Number of protein chains: 2
Amino acid sequence: MSTIEAIRPEEIEKRSFEIIEETIKAQGIPVPFSSDEDNAAEGSCRAGDRVLCRKIVYRCIHTTADFDYASTLRFSDNSVDIIQRLLRDGADIVTDTNMALTGINKKKLETLGGRVYCFMADEDVAAEAKKRGVTRACVAMERAASLHKSNPDKSMILAIGNAPTALMSLHKMHSEGIFTPDFVIGVPVGFVNVVASKELIMSTDIPYIINEGNKGGSPVAAAIVNAVLYSL
Amino acid sequence: MSTIEAIRPEEIEKRSFEIIEETIKAQGIPVPFSSDEDNAAEGSCRAGDRVLCRKIVYRCIHTTADFDYASTLRFSDNSVDIIQRLLRDGADIVTDTNMALTGINKKKLETLGGRVYCFMADEDVAAEAKKRGVTRACVAMERAASLHKSNPDKSMILAIGNAPTALMSLHKMHSEGIFTPDFVIGVPVGFVNVVASKELIMSTDIPYIINEGNKGGSPVAAAIVNAVLYSL
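The paragraphs below set out a description of the structure included in this document.

1. A look at helix H9 (residues 164-175) of chain B
Across its 12 residues, H9(B) extends 17 Å between first and last C-alpha, which sits within 8% of the 16 Å expected from 1.5 Å per residue. Here H9(B) lies mainly inside the structure; nine of its 12 residues are buried. Turning to H9(B), its buried residues are B:Pro164, B:Thr165, B:Ala166, B:Leu167, B:Ser169, B:Leu170, B:His171, B:Met173 and B:His174. Against the buried residues of H9(B) lie helix H1 (12-27) of chain A together with helix H8 (136-150), strand E4 (156-160), strand E5 (183-186) and helix H10 (194-202) of chain B. Where H9(B) terminates, the next one or two residues include B:Gly177, which has phi positive at roughly 75°.

2. Concerning the pairing of strand E2 (residues 92-95) of chain A
Residue and element names in this part refer to chain A. Residues of E2 alternate between two faces, with Asp92 and Val94 on one and Ile93 and Thr95 on the opposite face, all of them buried. Two elements, E2 and strand E4 (residues 156-160), share four bridges in a ladder whose sense is parallel. Opposite Val94, over in E4, you have Leu158 as the bridge partner. In this sheet, strand E3 (residues 116-118) lies alongside E2 in parallel orientation, the contact comprising three bridges. Each bridged residue has a counterpart across the sheet, and for Ile93 the counterpart in E3 is Val116.

3. Details of the interface of chain B and chain A
When the parts of a complex come together, some accessible area is lost, and that lost area is often used as the size of the interface. Facing 43 residues of chain B, the contacting portion of chain A comprises 43 residues. For the pair chain B and chain A, the summed buried surface comes to about 3300 Å²; carbon and sulfur atoms form 75% of the total. Where chain B packs against chain A, one counts two salt bridges. For A:Asp66, the salt bridge is made with B:Lys215, and the minimal N-O distance between the two is 3.9 Å. One can count five residue pairs in polar contact (both at pLDDT 80 or more) joining chain B with chain A. The class makeup of the residues in the side of chain B that touches chain A is 21 nonpolar, 17 polar and five charged.

4. Description of the side chain of B:Ser79
If you trace the backbone, B:Ser79 turns up in helix H4 (residues 79-88). If near-sequence neighbours (up to four positions away) are discounted, B:Ser79 is found in contact with B:Ala47, B:Phe183, B:Tyr208 and B:Ile209.

5. Considering the pairing of E5(B)
Residues and elements named next belong to chain B. Taking every second residue as pointing to the same face, both faces of E5 are buried, with Phe183 and Ile185 on one and Val184 and Gly186 on the other. For E4 and E5, the ladder comprises four bridges, and the chain directions are parallel. The partner of Ile157 across the bridge, within E5, is Phe183. Crossover E4 to E5 through H9 is right-handed. Here E5 runs beside strand E6 (residues 208-211); their pairing, made up of three bridges, is parallel. Across the sheet, residue Gly186 finds its bridge partner in E6, namely Ile210. Viewed along the sheet, the connection from E5 through H10 into E6 turns out right-handed.

6. So, the pattern of salt bridges
Any two side chains of opposite charge can pair, so long as their charged atoms come close to each other. All names here are of chain A. Enumeration according to the criterion identifies 37 salt bridges over all chains in this entry. Measuring nitrogen to oxygen at the nearest pair gives 3.8 Å for the salt bridge that ties Glu10 to Arg8. When sorted by exposure, Glu10 lands in the same class as Arg8, which is exposed.

Rules used in this analysis
- Residues numbered from 1 in each chain as written.
- Chains lettered and ligands numbered in written order.
- Predicted model: local features only at pLDDT ≥ 70, side-chain atom pairs only at ≥ 80, totals over all residues.
- Heavy atoms only, no water.
- Helix = DSSP H or I, 4+ residues; strand = E, 2+ residues; numbered from the N terminus.
- Expected span 1.5 Å × (residues − 1).
- Buried < 20%, exposed > 50% of the residue type's maximum accessible area, 1.4 Å probe, protein only.
- Contact = heavy atoms within 4.5 Å.
- Pairing = 2+ DSSP bridges.
- Buried area = accessible area lost by both parts, 1.4 Å probe.
- Salt bridge = Lys/Arg side-chain N within 4 Å of Asp/Glu carboxyl O.
- Polar contact = N/O pair within 3.5 Å; in protein donor to acceptor, adjacent residues only side chain to side chain.
- Nonpolar A, V, L, I, M, F, W, Y, C, P; charged D, E, K, R; others polar.
- Right-handed = clockwise from strand over helix to strand, strands pointing away.

By themselves, these are just geometric observations and shouldn't be taken as functional.
Shown next as structure tokens:
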């Protein structure tokens, strides 16, 4: 039997992050924010602020207990600085799951002037998706584009934690010059078109944080947003 | 670059489950529901209906893209049959995260006569936790116990996707004869007391589905509930 560690509630998160850091060091996992050149993953110096980059990676591990995130998270150049600035300046967030919407710290977001939207459960979205033979996520991204068009001065971050078709729809609109969000958090999870849809976004010039491979999820999308929010 | 697979929206989930099955077979992962004795994990025959057991495991993998769940999910004797019967008969669910509450199919649950509750964000829960120096999850479990006391004929399933202290509080109340839920889904995630809290519940006679080790999360808790709901 494992032993219960006596710990005060307010110490639990701090202790968790210590364990994550100790484990990463002990296992010699290459991380994209390391100041140790030998241990630094490729492209490590280009994501922006290393402390925030580390906090993002740690929070993804914290929410999944999965150390794969230390080596699979991909950051476009200066992405960490860009998303921090966007949130500080009141950017809105559109997500593809109500679970991610629930997990994002809306109180903190709102104090900065941002709001979070999810159109996935809207009845008209479901009806239109069915009629057109596309996914609800595809229609939900078109709703995001409309929202952006109605207020083009408001920055928009897309936080995609579930549907690869959201990223595919987004890539199509971007290619056609219809809609380009200011930032994409691309962490859909699963087995059908998940890897390819992430690669599509990484081939564009849209700033991103993406988890390469099949893994991701709503809590990971929320964890990335919250890591940045808590830095402000 | 990976290639986008053309697939109709209504086929995506089915295709995902096929890929999961193919991967499990290809990698020879021992699973707790196998009909192949050589490939069956220990205790496999005692969880109950093997088809439902497999659906639960697959849905956990589907929601995380993490095949560890094939070998770390633990089922108490007949647990799969017990939780199916409980939900069919209108059991309520209490969860420790609003993300799990969001992820559970409430429409289906309500048609069966059940409701899902989460007390974590209640202001009085936060206030009481702070005053007593315990976690909100601990107080939330006491609220679950009160709810059960107010209507003892209504069965209650606890779906714990985040807080080990919820399982610890529950174990304490059970040991003291104060409160015993009808079923525990125990999939907290993290590093502080997560493993030990799961072991505590597995040492009791409460029927459970638990993910051994550090992994779990709100989507996993919701996936287990939904796998059973969709079987009804």
